[in-house]
Amino acid sequence: MTGVEAPQEEKRRIFADLTPLRTSADYRRLWFGNTVSWVGQGMTTLAISLQVYDITGSAFSVGLVGLFSLVPLVAFGLYGGAIADTVDRRTLGLVGATGAAALSAALATAAFAGFHRVWFLYAIVALQAVCGALNAPARSAMIPRLLPPEQLRAANALNSMVMTFGTLVGPSLGGVVVGFAGYQTAYTIDALAFFASLYAMWRLPSMPPERGGAKRASVLDGLRFLGTRPNLRATFVSDLFAMILAQPKALFPAVAVLWFGGDARTTGLLVAAPAFGALLGGVVSGWQNRIRRHGQAILVSVAAWGLAIAAFGLSRNLWIGLLCLAVAGYADTSSMIFRNTMMQVAAPDEMRGRLQGVFIVVVAGGPRLGDFVAGSVADLTSPALAVTGGGLACVLGIGVFSLYARGFRRYDALDPQP
């Protein structure tokens, strides 16, 4: 390929850049293993919710599943990141994945034995969250050690496709498997699916943190580091505008009935639309290779999310509403790709685990706080004002923040400054 042809191919690229999958066998195995395990986890998530409802007949009890998952994830997220900056990340990833596989096997064993206890399911969910809090920071911190910096944006786009694909396919497949073969089969499939992730991590080289890692697992040192790095800090702040101010998911059951005259199936479509847009955002991400101002791209993506949510609040046609939500999902994935890339490139290796731990806490806790805000505003005013007002507040907030974060706007991927 000539020097003239290469830029022309880059300019024409629209779909996801598969270079990381072609050039790194380690990343390719890890990516495939994560894809399989995400689908399995999606199956188990739905199966546990269905089983809790079968045992209790209570929607409140099903809602507690999310709480038992959220609290350990937030509590252990920061510590998982700190540990990832202290020990061999490959070993930590293996421990986390092995624990998650064992928990899925325990669910399958209990189901085969006819042991149906809600407290047991809650305990498993909480322990799964602990394993995830250990596994995720280690897995994320591995990627910059497997690929050169110029391929990290493409890798993050591919990773976003894995998560979204698992979120879409896993629950759907779980519902089919539970319906035809029972809970024990769904849990067994999930336990077996983890072997793909375990095999991929087993084949990785040893990956202790560079410079010997931290002498101790200090969460506070990671937070102090983040407090002195304005560009990295801005990636979290900008995302909070979207998650807290413009998070309409909690209102989907109400608006499905009030706006679109629908039912539970309509709610399912509303939930699926952002996920579909997010998946599309990963598939059609090749054009992002040409963007150097990652901070500016994040600000635009968050503003686009807010505008799409505001437009959804004004829509009373279901298909237009679904289109708005899909656009919001696309914008969210674009923001996530650039945010993850900035964290991986601009942060030193010995801090990547702790930053990923902060990321877990923000991503896990932010939408829940957003649900509370949206629900409260809807009760005090109306769902329409909560959704549209929240979207516009997000746009206004990120606009004001962009005036303050001038360095973030000027962030250059070719000269990454944390």
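All values derive from a computational prediction rather than experimental measurement. Residues take numbers from 1 onward in each chain, read along the sequence in its written order. With pLDDT at 70 or above as the cut-off, local features in this predicted model cover only qualifying residues; side-chain atom pairs require 80 or more to be listed or tallied, and sums for whole chains, interfaces and linings still use all residues. Side-chain metrics in this entry use all non-hydrogen atoms of the structure; hydrogen atoms and water are not considered.

K.L.:
Help me understand the nonpolar core, please; the structure alone is not making it clear to me.
P.N.:
Where a protein is soluble and globular, its nonpolar side chains tend to be buried together. Definition of nonpolar core: a set of buried residues of the types Ala, Val, Leu, Ile, Met, Phe, Trp, Tyr and Cys, connected through side-chain atoms within 4.5 Å. The buried label goes to any residue with under 20% of its type's maximum accessible area, the exposed label to any with over 50%, and the partly exposed label to all in between, with areas taken from a 1.4 Å probe on protein chains only. Among the nonpolar cores identified, the biggest contains 51 residues, and Leu232, Leu270, Trp305 and Phe312 are the most heavily contacted of them. By the criteria applied, helices consist of DSSP H or I runs no shorter than four residues and strands consist of E runs no shorter than two, each listed in order from the N terminus. Looking at this core, the elements that each hand over two or more residues are α9 (219–227), α10 (230–245), α11 (252–258), α12 (264–283), α13 (294–314), α14 (318–346), α15 (349–380) and α16 (383–404). Listed in part, the 26 residues of the second largest apolar core include Leu64, Ala100, Phe120 and Tyr122.

K.L.:
Even after reading the chapter, I still don't get the pattern of salt bridges, so can you show me in this structure?
P.N.:
Side-chain pairing between opposite charges can occur once the charged atoms of the two side chains come close. Salt bridges are counted wherever a side-chain nitrogen of Lys or Arg sits within 4 Å of a carboxyl oxygen of Asp or Glu. By the definition in use, this model includes 3 salt bridges. When the shortest N-O distance is used, the salt bridge between Arg89 and Asp85 registers 2.8 Å. The class of Arg89 is buried, set by a relative accessible area of 0%. According to the relative accessible area criterion, Asp85 is buried, its value standing at 0%.

K.L.:
Just checking my understanding: could you explain the environment of Thr19 for this structure?
P.N.:
Tracing the backbone through its elements, the reader meets Thr19 in helix α2 (residues 19–23). By relative accessible area, which is 17% here, Thr19 ends up buried.

K.L.:
How do you make sense of the packing of aromatic side chains when you look at a structure like this?
P.N.:
Note on aromatic pairs: each is described by the distance of the centres and the angle between the planes. Two rings from Phe, Tyr or Trp (for Trp, the six-membered ring) form a pair when their centres are within 6.5 Å of each other. A pair whose planes differ by under 30 degrees is stacked, one over 60 is edge-to-face, and the rest are tilted. Inspection of the entire model under this criterion finds 10 aromatic pairs. Aromatic side chains Trp259 and Phe260 sit 6.2 Å apart centroid to centroid with 80° between the ring planes, which places their arrangement in the edge-to-face category. Side by side, Trp259 and Phe260 carry an identical accessibility label, which is buried. Taken together, a centroid distance of 5.7 Å and an interplanar angle of 55° make the contact between Trp259 and Phe312 tilted. Highlighted residues: Trp259 in the loop between α11 and α12 and Phe312 in helix α13, separated in sequence by 53 residues. Taken together, the aromatic side chains of Phe252, Trp259, Phe260 and Phe312 make up a single cluster linked through ring pairs. Distance and angle both matter: a charge sits over a ring if NZ of Lys or CZ of Arg is within 6 Å of the ring centre and within 35 degrees of the ring normal. Of note, Arg90 hangs over the ring of Trp202, and the distance from its end group to the ring centre comes to 5.1 Å. The ring of Trp259 carries Arg316 above its face, with NZ or CZ at 4.0 Å from the centroid.

K.L.:
Sorry, what's going on with the environment of Pro205 here?
P.N.:
Relative to the assigned elements, Pro205 resides in the loop between α8 (183–202) and α9. Given a relative accessible area of 41%, Pro205 falls into the partly exposed group.

K.L.:
What's the story with empty space enclosed by the protein in this structure? I'm lost.
P.N.:
Think of a ball as big as a water molecule: rolled over the atoms, this probe shows where empty space is left. Only protein atoms enter the 1 Å grid used here. Points where a 1.4 Å probe fits but cannot escape make up a cavity, open sets with protein on both sides within 12 Å along at least five of seven lines make up a pocket, and a residue lines them when an atom lies within 4 Å of a point. Grid points are joined across faces, edges and corners, and a volume is the space filled by probe spheres set on the points. Summed over the entire model, instances satisfying the criterion amount to 3 cavities of 30 Å³ or more. Approximately 60 Å³ is the volume attributed to the largest cavity. Taken together, Ser140, Ala141, Asn340, Met343, Gln344, Arg352 and Gln356 form the lining of the largest cavity. At the level of elements, α6 (118–146), α14 and α15 are the ones that each hand at least two residues to the lining of the largest cavity. The element contributing the most residues to the lining of the largest cavity is α14, with 3 residues. Grouping the amino acids of the lining of the largest cavity by side-chain chemistry returns 2 nonpolar, 4 polar and 1 charged. For this classification, the nonpolar set comprises Ala, Val, Leu, Ile, Met, Phe, Trp, Tyr, Cys and Pro, the charged set comprises Asp, Glu, Lys and Arg, and every other residue, Gly included, is treated as polar.

K.L.:
When you look at the side chain of Asn135 in this model, what are you seeing that I'm missing?
P.N.:
Along the chain, Asn135 falls in helix α6. In this structure Asn135 touches Gly93, Gly96, Ala97 and Met201, once residues within four positions along its chain are discounted. Should any heavy atoms of two residues lie within 4.5 Å, those residues are counted as being in contact.

K.L.:
Would you mind showing me how to read the packing of α10 against α13 here?
P.N.:
When two helices pack together, their arrangement is given by the angle between their axes and by how far apart the axes lie. In the contact formed by α10 and α13, the axes pass within 9 Å of each other and the chain directions differ by 10°. It follows from the interaxial angle that α10 and α13 lie roughly parallel. Residues Thr235, Ser238, Phe241 and Ala242 of α10 form the contact with α13, whose own contacting residues are Ile298, Val302 and Trp305. Lines are fitted to the C-alpha atoms to define the axes, a helix being fitted only along its stretch in contact, and any angle between axes, read from their N-to-C directions, falls within 0 to 180 degrees. In this scheme, roughly parallel covers angles under 35 degrees and roughly antiparallel covers those over 145, while 65 to 115 is roughly perpendicular and the rest are oblique.

K.L.:
I tried to follow α13 on my own but got confused; where do I start?
P.N.:
Since there are 3.6 residues in each turn of an α-helix, residues three or four apart along the chain are aligned in direction. Given a helix with a known number of residues, its expected span is that number minus one, times 1.5 Å. The terminal C-alpha atoms of α13, which comprises 21 residues, lie 30 Å apart, in line with the 30 Å expected from a rise of 1.5 Å per residue. Of all 21 residues that make up α13, 15 are buried, and the element is covered over most of its length.

K.L.:
I'm lost on the confidence of the model for the protein in this one. Help?
P.N.:
Low-pLDDT stretches of the model should not have their predicted coordinates read in fine detail. Taken over all residues, the pLDDT of the protein has a mean of 84, while the share at 70 or more is 93%. Scored below 50 in pLDDT, residues 1–11 makes 5 contacts in the model with residues more than four places away or belonging to other chains. Residue-level confidence of the predictor is summarised by pLDDT, bounded by 0 at the bottom and 100 at the top.

K.L.:
Where do I start with the packing of α10 against α16 in this structure?
P.N.:
For the pair α10 and α16, interaxial distance at closest approach is 8 Å and the crossing angle is 160°. The angle between α10 and α16 falls in the class roughly antiparallel. Between α10 and α16 the crossing geometry is right-handed. Counted together, Ala234, Val237, Ser238, Phe241, Ala242 and Leu245 of α10 and Gly390, Gly391, Ala393, Cys394, Gly397, Ile398 and Phe401 of α16 form the full contact between these two elements. Taken together, the residues that form the contact of α10 with α16 break down as 9 nonpolar, 4 polar and no charged. In a left-handed crossing the near helix is turned counterclockwise from the far helix by less than a right angle, and in a right-handed crossing that turn is clockwise.

K.L.:
So what exactly am I meant to see when it comes to the environment of Ala405 here?
P.N.:
Among the secondary structure elements, Ala405 is positioned in the loop between α16 and α17 (406–409). Residue Ala405 is classed as buried on the basis of its relative accessible area, which comes to 8%. Between the C-alpha atoms of Ala405 and Gly295, which are 110 residues apart in sequence, the distance is 9.3 Å.

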